[in-house]
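Descriptive analysis of the structure
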Amino acid sequence: MTLIPVILSGGSGTRLWPLSRSTYPKQLLPLVSDFSMIQETAKRLSALHVCAPIVVCNEKHRFIIAEQLSQIGIPNPSIILEPVAKNTAPAIVAAAIQAKKIDEEAIIIVLPSDHNIKDVDAFCAAVRTAADEAGGGNLVTFGITPTFPATGYGYIQAEKGQGTHTAYPIKRFVEKPDAVAAQKYVDSGEFFWNSGMFVFRASDFLSEVATFDKSIFESTSEAFEKAVIDLDFIRLEKAAFEKNPSISIDYAVMEKTLKGKVVPLNAGWSDVGSWNSLWDVLDKDENGNVIKGKAVTSNVKNSFIYSKNRMISAVGLENVVIVDTKDAVLVADRSKSEEVKKIVDKLNAEKNPIATENTVGYRPWGTYETIELGKRYRVKHIIVKPGEKLSTQMHYHRSEHWIIVSGTAKVLNGEKEFVLTENQSTYIPVGTVHFIENPGKTPLEFIEVQSGSYLEEDDIVRFQDKYGRT
């Protein structure tokens, strides 16, 4: 059988702010290992000899995801770009359509991109069981064996008197319960945590969608038929895709189908949805602390401390979260870390970009970082990868001054094209067409000083771009 992973990468990870932001969310971060969460998701299926994955993501993350998958030896994934976020059901329909194009009988393994699983062997064994069930026409989900009465997860009740000990018919799905109900669910032995992971034949899933919510099937099919192939990406047509309701696969299909089954999974699973859950899955020191980066502590216990740049010093604290990034600091009671989302909501209400934007911007050609920002000026540190080139462009409201730090730059400035090397510079007046390219074999680093009345990224008029952004 053909097994195709489908990785859903549409989340913004707001509960892990300020490290995770919508421009660079948690699935793209190396939170539990040296690999990002999406890389870990793809890697854990290697023992199953699956096909290259289908990824459904926000178009802003397309180049980052493609590069991260290439770094772990997956050079040709199918990357489907959602024009708007519509929850999991439409996303999985689009992926299932693509899977059917690859193989009419393909079985897809639907995986969120931001989960952590410690026992990969147990996970792969459960996937094999689920794939066998899917081969028989069933729509399978994984039920996590509960270890405590969690109120932050949905639950699945299994018909344990039927089926086998490896797969049970689904009796019902239950929303996040209160503490009393959660305890009853755990005590009964009939309930599992809802993992949000699924296995089914693509054609069987599409048939059930057409039966239970024909509008989703038709709208997403139309969006796929009208999709534009943009470099290596499948860009769904916006007008058709926008017709979809924002609805999860549970509501749209799994709660209605008579083919649903649940496979128990006991593999050290976590959705890493908050700083507390991240603290829970990481190794701790003798005081129960997780410390990442620069920190010195005295009499600190059971805490999570993260600093990428500055030294954090902490004294006499317990059960706290301290996260320091270049532009924001979070201090929270670890047990209340779910409420970080409320901080992000407040910042969004104030239209403060710190809620969603990182100081580092990621582009297909490299990265840029704002190192100083004033009323009429901005200073950036820019790195261009070997062989890459920024678009041929101009600005209406700002001039730029480029100073080469290292590497070699090929530059267009107006009508002149020339080469700059270390310690050389050029000035680009407002309204001048320009580009910069790295023709060398090592990274090109330069400082860009912008000055003018408007300095935002949307003051760019592109004339030519190798990444299809004109």
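Now for a quick tour of the structure. Note that the coordinates shown come from a computational prediction; the quantities given were computed from them, not determined experimentally. Throughout, residues of each chain are indexed from 1 in the direction in which the sequence is written. Per-residue local features are limited, in this predicted model, to residues with pLDDT of at least 70; the limit for side-chain atom pairs, both in listing and counting, is 80 or more; totals at the level of whole chains, interfaces and linings are taken over all residues. Where side-chain values are given, they derive from all heavy atoms of the structure, hydrogens and water being excluded.

**Comments concerning the overall build of the chain**
Quick note on the threshold: Only DSSP runs of H or I covering at least 4 residues are called helices, and only runs of E covering at least 2 are called strands; the numbering of each starts at the N terminus. Computation of the radius of gyration draws on C-alpha atoms alone. For the globule rule, the value is 2.2 Å times the number of residues to the power 0.38. Residue exposure (1.4 Å probe, protein chains only): buried if accessible area is under 20% of the type maximum, exposed if over 50%, otherwise partly exposed. In what follows, residue pairs with any heavy atoms lying within 4.5 Å of each other are defined as contacts. Reported accessibility uses the Shrake-Rupley method at a 1.4 Å probe radius. Residues are deemed covered only where the shown protein chains occlude them.
Along its length, the chain carries 11 helices and 28 strands. Rg of the C-alpha trace for the chain: 24 Å, near the compact-globule value of 23 Å for 470 residues, within the 12% margin. By its C-alpha atoms, the chain is 75 × 60 × 40 Å across when sized along the principal axes. Taken across its 470 residues, the chain has 51% of its residues classed as buried. Summarising the internal contacts of the chain: among those between residues at least 6 apart in sequence, 69% fall at separations of at least 24. Summed over its atoms, the accessible surface of the chain is roughly 21,400 Å², and 49% of this surface lies on carbon and sulfur atoms.

**Some remarks on the sheet that holds strand 15 (residues 304–315)**
Our working definition: For two strands to be treated as a pair, DSSP must find at least two bridges joining them. Axis geometry follows a simple rule: fit a line to the C-alpha atoms, using only the stretch in contact for helices, then measure angles between N-to-C directions, giving values from 0 to 180 degrees.
Sheet architecture is open: 4 strands sit in the order 14-15-16-17, paired in mixed fashion. Of all strands in the sheet, those bounded by a partner on one side alone are strand 14 (290–298) and strand 17 (329–333). Ignoring strand direction, the axes of neighbouring strands in this sheet form an average angle of 20°. Sheet analysis places strand 14 next to strand 15, joined by 8 bridges and oriented parallel. From the neighbouring strand, T297 faces strand 15, where its bridge partner is A314.

**Some points on the packing of helix 6 (residues 202–212) against helix 7 (residues 214–225)**
Let me state the cut-off plainly: Angle categories are assigned with fixed cut-offs, so that under 35 degrees is roughly parallel, over 145 is roughly antiparallel, 65 to 115 is roughly perpendicular, and the rest are oblique. All amino acids are sorted into three groups, where Ala, Val, Leu, Ile, Met, Phe, Trp, Tyr, Cys and Pro are nonpolar, Asp, Glu, Lys and Arg are charged, and the leftover types, Gly among them, are polar.
Running from N to C, helix 6 and helix 7 point in directions that differ by 120°, and their axes come no closer than 5 Å. What the angle tells us is that helix 6 and helix 7 run oblique. Touching L206, V209, A210 and F212 of helix 6 are K214, I216 and F217, all from helix 7. For the contact of helix 6 with helix 7, the per-class residue count stands at 6 nonpolar, no polar and 1 charged.

**Brief notes about the environment of G316**
Following the sequence through the fold, G316 ends up in the loop between strand 15 and strand 16 (320–324). Apart from residues lying up to four places away in sequence, G316 is in contact with S298, N299 and V300.

**Structural notes on the pairing of strand 25 (residues 425–428)**
Going residue by residue along strand 25, you find T426 and I428 tucked away on one face and S425 and Y427 left uncovered on the opposite face. Relative to strand 25, strand 22 (residues 398–406) is paired through 4 bridges, and the arrangement is antiparallel. Bridge pairing in strand 25 links W402 to T426.

**Some details on the side chain of E40**
Going by this rule: Charge counting treats Lys and Arg as positive and Asp and Glu as negative, with His and both chain ends excluded. What makes a salt bridge here is a side-chain nitrogen of Lys or Arg within 4 Å of a carboxyl oxygen of Asp or Glu, nothing more.
If you trace the backbone, E40 turns up in helix 1 (residues 37–43). Of the side chains with opposite charge, R44 comes closest to the buried, unpaired E40, at an N-O distance of 5.1 Å. The residues contacting E40, other than those within four sequence positions of it, are S33 and F35.

**Here's the deal with the environment of A125**
Relative to the assigned elements, A125 resides in helix 4 (residues 120–135). Distance in space between the C-alpha atoms of A125 and L48 is 9.2 Å, their sequence separation being 77 residues.

**Things to note about the pairing of strand 12 (residues 260–265)**
Across the 6 residues that make up strand 12, a large majority, 5, are buried. Note that strand 6 (residues 139–144) and strand 12 share 6 bridges and pair parallel. Residue pairing across strands places I144 opposite L265, the latter belonging to strand 12. In this structure, strand 8 (residues 168–174) lies alongside strand 12, joined through 2 bridges in antiparallel fashion.

**Things to note about the sheet that holds strand 25**
Sheets are built from strands that pair by backbone hydrogen bonding, the pairs being arranged parallel or antiparallel. Spatially, 6 strands are ordered 18-19-20-27-22-25 in an open sheet, and the strand pairing comes out antiparallel. Unpaired on one side and paired on the other, strand 18 (360–363) and strand 25 mark the two borders of the sheet. Ignoring which end each strand starts from, the neighbouring axes of this sheet average 20° apart.

**A word on the packing of helix 3 (residues 88–102) against helix 7**
Convention followed: Each helix crossing is assigned a hand: it is left-handed if the near helix lies turned anticlockwise from the far helix by less than a right angle, otherwise right-handed if that turn is clockwise.
Where helix 3 contacts helix 7, the axes come no closer than 9 Å and their chain directions differ by 55°. Looking at the two axes, helix 3 sits oblique to helix 7. In the packing of helix 3 onto helix 7, the handedness of the crossing is right-handed. In this structure, helix 3 contributes A89, P90, V93, A94, I97, Q98 and K101 to the contact, and helix 7 contributes I216, T220, S221 and F224. The class makeup of the residues in the contact of helix 3 with helix 7 is 7 nonpolar, 3 polar and 1 charged.

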